[in-house]
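# Results of the structural survey
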Amino acid sequence: LNELACDSVVDATEVGVQVHGAIVTLTGFISSYPKKLAAVEAAHRVRGVLDVVNQLRVRIPSNWERSDETIAAQVRDALKSDVLVPDERITSTVSDGTVTLEGHVQTWPERVHAEQAVQRLAGVKCVSNLISVLRTNTPAEDIRRQILGALRRQADREAHRIEVDVDDGVVTLKGSVRSWAERNAVERAAQHVPGVR
């Protein structure tokens, strides 16, 4: 509850919290999709939390409501406006405020940027990212070596405790870290290596 109250994005009064062991369940109606994402992130930041059950539902206030047609037009504009997104390779489907993104991109960060471009649009209740990353001919050992180098540069304290496996561009990270923030740093370090799908 304190973590939610300290997060400037979340309205803590919209979120119910139940705790059973290391599992936190979030319930209630929240006014935007970014607030829902922020509430989940806040729960994960609490020491001792291992799992979060997200039962939050987005209930858009009337002044932010948009028709699916309007949201679809906003999605296309957002994808076109983001210089890090290859918008011509991405399609979207909008149903009752839920945006589904599909298509093929060259890198994992392009996939992430496409999702981020539409998350904060008015009327969006959820984003389902089904965009796939195209395979490259980069050998698995080269990808692994680059990831280990990135971990040493960006997450130095954790690098020696992380095991990296690469199979056909799919990276599996194993090990332990001290916090959710360190886990995110390790994951981001791996995501930006060319060839990671």
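Per chain, residue numbering runs from 1 following the sequence as it is written. Thresholds applied to this predicted model are a pLDDT of at least 70 for local features of residues and 80 or more for the giving and counting of side-chain atom pairs; totals over whole chains, interfaces and linings are not thresholded and use all residues. Side-chain metrics in this entry use all non-hydrogen atoms of the structure; hydrogen atoms and water are not considered.

Another point: unusual backbone geometry. Even without glycine at this site, Asp96 takes up a positive phi of about 50 degrees. Runs of E in the DSSP output that reach at least two residues are strands. Runs of H or I that reach at least four are helices, and both are numbered from the N terminus. With respect to the secondary-structure elements, Asp96 resides in the loop between β4 (90–95) and β5 (98–105).

Looking now at the packing of aromatic side chains. Geometry of aromatic contacts follows a simple scheme: Phe, Tyr and Trp rings, the Trp one being its six-membered ring, pair when their centres are within 6.5 Å, and the pair is stacked under 30 degrees between planes, edge-to-face over 60, tilted otherwise. Going through the model one piece at a time under the given rule, you end up with zero aromatic pairs. Over a ring means this: the NZ of a Lys or the CZ of an Arg is within 6 Å of the ring centre and within 35 degrees of the ring normal. The cationic tip of Arg59 hangs over the ring face of Phe29; the distance from NZ or CZ to the ring centre is 3.7 Å.

Attention shifts here to the sheet that holds strand β3 (residues 51–58). Two strands qualify as a pair provided that DSSP identifies no fewer than 2 bridges between them. Read from one edge to the other, the open sheet built from three strands follows the order β1-β2-β3, with strand pairing classed as mixed. The sheet terminates laterally at β1 (16–20) and β3, the two strands that pair on one side only. Between one strand axis and the next, the sheet turns by 10 degrees as a mean value, whatever way the strands run. Where β1 and strand β2 (residues 23–30) come together, five bridges link them in antiparallel fashion. Residue pairing for β2: Gly16 is matched across the bridge by Thr27. Residues are treated as being in contact if the distance between any of their heavy atoms lies within 4.5 Å. Orientation is described by axes fitted as lines to C-alpha atoms, over the contacting stretch for helices, and by angles from 0 to 180 degrees between their N-to-C directions. Sheet contacts for helix α2 (residues 33–45): β2 and β3; angle to β3, the most-contacted strand, approximately 160 degrees.

Turning our attention to the pattern of salt bridges. For salt bridges, the criterion is a side-chain nitrogen of Lys or Arg within 4 Å of an Asp or Glu carboxyl oxygen. Taken as a whole and judged by the stated rule, the model has 11 salt bridges. Arg135 is paired through a salt bridge with Asp168; the nearest N and O atoms lie 2.7 Å apart. Taken together, the residues span a long stretch of sequence, with Arg135 in the loop between β7 (132–133) and α5 (140–154) and Asp168 in the loop between β8 (163–167) and β9 (170–174) at a distance of 33 residues. Three exposure classes are used, based on accessible area relative to the maximum for each residue type with a 1.4 Å probe and protein chains only: buried under 20%, partly exposed in between, and exposed over 50%. Relative accessible area serves as the criterion here: at 38%, Asp168 is assigned to the partly exposed category. Measuring nitrogen to oxygen at the nearest pair gives 3.9 Å for the salt bridge that ties Arg145 to Glu141. A residue pair is termed a helical-turn pair when its members lie 3 or 4 positions apart in one helix, as Arg145 and Glu141 do in helix α5 at four residues. Using a relative accessible area of 48% as the deciding quantity, one classes Arg145 as partly exposed. On the basis of relative accessibility, which here comes to 42%, the residue Glu141 falls in the partly exposed class.

Honestly, it's all geometry; don't read function into it.
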